[in-house]
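Spelled out from the first residue to the last, the chains are:
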Amino acid sequence: RLSAESAKSTFERALVELQSTLRVLPVEVAEAGAWRYSFVYDLVTRHLPDLPAQAQQIPRREARARLVAQLLDNVVVATQPEIQRVFHVFKLTRSELDRTLADLLETKQVIQTTVKGLPSQSYISARAVKLIGKR
């Protein structure tokens, strides 16, 4: 019954949660659906069987820092509430995020500043700033 219009948002939320918690990943594209284009998903461990063992070797604090730094490298700038929303599936607490951002500021991977048009202090990827400066 997941193909019914009423189940669409439930299905999409579940798929987002499965992807963001690294349980499934898109592995191919199928000619299906209204647009004749649909992703085929499979279990992460089927394609990356060593991933769980590798992940267990990374301390949680370091893993959080890597993930937040990667997010900022991808989006360049985000406020703390935006970062919190992205990582809600990991149940990241406010104090954990505060500590992670402090670590990233200390290691100069992130810059904190006010950005015109954004409601609060923002965090900017230092890597992105360097890349923009090289242009």
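This write-up is about the structure you can find in this document.

What counts as what
- Residues numbered from 1 in each chain as written.
- Predicted model: local features only at pLDDT ≥ 70, side-chain atom pairs only at ≥ 80, totals over all residues.
- Heavy atoms only, no water.
- Patch = residues over 30% accessible without salt bridge, like charges linked within 9 Å, V, L, I, M, F, W, Y side chains within 5 Å.
- Areas by Shrake-Rupley, 256 points an atom, 1.4 Å probe, with all protein chains shown as cover.
- Salt bridge = Lys/Arg side-chain N within 4 Å of Asp/Glu carboxyl O.
- Helix = DSSP H or I, 4+ residues; strand = E, 2+ residues; numbered from the N terminus.
- Pairing = 2+ DSSP bridges.
- Axes fitted to C-alpha atoms, helices over the stretch in contact; angles between N-to-C directions.
- Core = buried A, V, L, I, M, F, W, Y, C linked by side-chain atoms within 4.5 Å.
- Buried < 20%, exposed > 50% of the residue type's maximum accessible area, 1.4 Å probe, protein only.
- Contact = heavy atoms within 4.5 Å.
- Polar contact = N/O pair within 3.5 Å; in protein donor to acceptor, adjacent residues only side chain to side chain.

Focus on a nonpolar patch on the surface
- Taken together, the side chains of Val 29, Trp 35, Tyr 37 and Phe 39 make up a nonpolar region of the molecular surface, amounting to roughly 510 Å² of accessible area.
- Relative to the assigned elements, Tyr 37 resides in the loop between β1 (24-30) and β2 (38-43).

Observations concerning the sheet that holds strand β5 (residues 122-125)
- With antiparallel pairing, three strands are arranged side by side in an open sheet as β3-β5-β4. With one partner strand each, in any of the chains shown, β3 (77-79) and β4 (110-113) form the two edges of the open sheet. Between one strand axis and the next, the sheet turns through 30° on average, direction left out of account.
- Pairing of β3 with β5, which is carried by three bridges, proceeds in the antiparallel orientation. Directly across from Thr 79, in β5, lies its bridge partner Ser 122.

Section: the nonpolar core
- Core analysis: the biggest nonpolar cluster contains 14 residues, and Val 68, Leu 72 and Ile 83 have the highest contact counts within it.
- Among the secondary structure elements, those contributing two or more residues to this core are α4 (60-75) and α6 (94-106).
- Once you skip the residues sitting within four places of it in the chain, Val 68 turns out to touch Ile 83, Phe 87, Leu 97, Thr 100, Leu 101 and Leu 104.

Here we look at the environment of Val 77
- In this structure, Val 77 sits in strand β3.
- Taking the C-alpha atoms as reference points, Val 77 and Ala 55, separated by 22 residues in sequence, lie 26 Å from one another.
- Residue contacts for Val 77: discarding those within four places in its chain leaves Leu 72, Val 115, Leu 118, Ser 122, Tyr 123 and Ile 124.

Quick notes on the pattern of salt bridges
- As enumerated under the stated definition, the model contains six salt bridges in all.
- With its nearest N and O atoms 2.6 Å apart, the salt bridge here joins Glu 62 to Arg 66. On the criterion of helical spacing, the pair formed by Glu 62 and Arg 66 is a turn pair, its members being four residues apart in helix α4.
- A salt bridge links Arg 94 to Asp 98; the nearest nitrogen and oxygen atoms lie 3.6 Å apart. Of this pair, Arg 94 and Asp 98 both sit in helix α6, four residues apart, roughly one helical turn.

Brief notes about the environment of Ser 95
- With respect to the helices and strands, the residue Ser 95 is situated in helix α6.
- Expressed as a C-alpha distance, the spacing of Ser 95 and Asp 50, which sit 45 residues apart in the sequence, is 31 Å.
- A polar contact is formed between the side chain of Ser 95 and the side chain of Thr 93, at a distance of 3.3 Å.

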